[in-house]
Amino acid sequence: MSEIFGIPTQALFGQLLIGLINGSFYALLSLGLAVIFGLLNIINFAHGAQYMMGAFCAWFLLNKLGVGYWWALLLVPVIVGATGVVIERVMLSRLYQLDHLYGLLLTFGLALIVQGLFRNEYGSTGLPYSMPKELEGGRNLGFMFLPNYRAWVFVASLAVCLGTWFLIEKTKLGSYLRAATENPQLVRAFGVNVPRMITLTYGFGVGLAAFAGVMAAPIYSVNPLMGEHLIIVVFAVVVIGGMGSIMGAIITGFVLGLVEGLTKVFYPEASNTVIFIIMAIVLMIKPTGLFGARR
């Protein structure tokens, strides 16, 4: 068996694959956070709970209604995103003129409530979610075995991330969204319903988290705490990339997933902390993040 730096190639590329898959989820979740913060100035600490709700919603659809994975990918972001619309209209809309801390505290409280309700009902034991038959199995690439489903997760995540970036940065709708955050009165003068646009933007960010939850369900067990630890890492990814930077969230998510995977190969003891070490270094050198700008 060939080796690279004394590490068997199969083990090295296997860890890189795991890192890339983790990076796919980091990118999707940090993208949702960046959209919400960049356009609404809300630090959405409920994002991990909404990711968990996406996985549970897919599980409900499959086990209670017989709705499979592919339909869940379409329906779950809309369903969970609709709960985000309600949260924004009923609660968050009252906080836009206040300090960011109030939004953070509210969404943190919501996350605890949602996790507590699901944990009380289902406990901490994970619930299995079967992957679609079309994506079972894998391909032998010679130097490693590539599971079909994990390849799909990477491709789908990359497509959604780049599509979101294009929508916000390169379309007329995206220009309206950016303008509404800078000068809502001027945008209203052009006949744009700014409150509705803001509400739908938050719902869209929540829908991204739910989409990630559906894709995570066949890989990880569906349980109430699946977003609790992940959200801390995702916030670190967002800070490194730059709060509110769409492309920063995407690039940093994928790259840090790979860095984490490599760390597990060469220095496993630091794999759980390497992202936070990088965050500390970046904040000392560039407090706004790698791609961020002063607000």
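The coordinates are above.
All of these numbers come straight from a predicted model, not from anything done at the bench. Within any chain, residue numbers begin from 1 and follow the written order of that chain's sequence. Where local features are concerned, this predicted model is filtered to residues with pLDDT of at least 70; where side-chain atom pairs are given and counted, the filter is 80 or more; whole-chain, interface and lining totals use all residues. Each side-chain value is derived from all of the structure's non-hydrogen atoms; neither hydrogens nor water enter the calculation.

1. What to know about the overall build of the chain
Alright, step 1. The number of helices and strands found in the chain is 11 helices and 4 strands.
Alright, step 2. For 295 residues, the compact-globule estimate of 2.2 N^0.38 gives 19 Å, and the C-alpha radius of gyration of the chain, at 19 Å, lies within 12% of that figure.
Alright, step 3. A 1.4 Å probe rolled over the protein chains alone gives each residue an accessible area, and that area as a share of the maximum for its type sets the label: buried under 20%, exposed over 50%, partly exposed in between. The buried share of the chain, taken over its 295 residues, is 47%.
Alright, step 4. The contact criterion used is simple: two residues touch if any of their non-hydrogen atoms lie within 4.5 Å. Taking all contacts inside the chain whose residues are at least 6 apart in sequence as the whole, residues at least 24 apart take part in 77%.
Alright, step 5. For accessible areas, the Shrake-Rupley method is used with a probe of radius 1.4 Å. Any residue's cover is judged against the shown protein chains and nothing else. Total accessible area computed for the chain in this model is approximately 14300 Å², and 67% of it derives from carbon and sulfur atoms.
Alright, step 6. A distance of 11 Å separates the average location of the 16 positive side-chain charges in the chain from that of its 11 negative side-chain charges. By the criteria applied, helices consist of DSSP H or I runs no shorter than four residues and strands consist of E runs no shorter than two, each listed in order from the N terminus. Every radius of gyration here is taken over C-alpha atoms, with the globule rule written as 2.2 Å times N^0.38, N being the number of residues. We count Lys and Arg on the positive side and Asp and Glu on the negative side, and we leave His and both chain ends out. Every charge is mapped to an atom, namely NZ of Lys, CZ of Arg, CG of Asp or CD of Glu.

2. A look at a nonpolar patch on the surface
Alright, step 1. What goes into a patch is any residue over 30% in relative accessible area without a salt bridge, connected to like charges within 9 Å or, for nonpolar side chains (Val, Leu, Ile, Met, Phe, Trp, Tyr), within 5 Å. Definition used for salt bridges: Asp or Glu carboxyl oxygen within 4 Å of a side-chain nitrogen of Lys or Arg. Residues Trp-71, Leu-74, Leu-75 and Ile-79 make up a contiguous nonpolar surface patch of roughly 420 Å² in combined accessible area.
Alright, step 2. If you trace the backbone, Ile-79 turns up in helix α3 (residues 69–90).

3. Some points on helix α2 (residues 47–64)
Alright, step 1. Multiplying one less than the number of residues by 1.5 Å gives the expected span of a helix. With 18 residues, α2 extends 25 Å from end C-alpha to end C-alpha; this agrees with the ideal 26 Å at 1.5 Å per step.
Alright, step 2. Within α2, 14 of the 18 residues are buried, which leaves the element mostly enclosed by the surrounding structure.
Alright, step 3. Gly-66 occupies a position one or two residues after α2 and carries a positive phi of about 75 degrees.

Read these as spatial facts, not as claims about activity.
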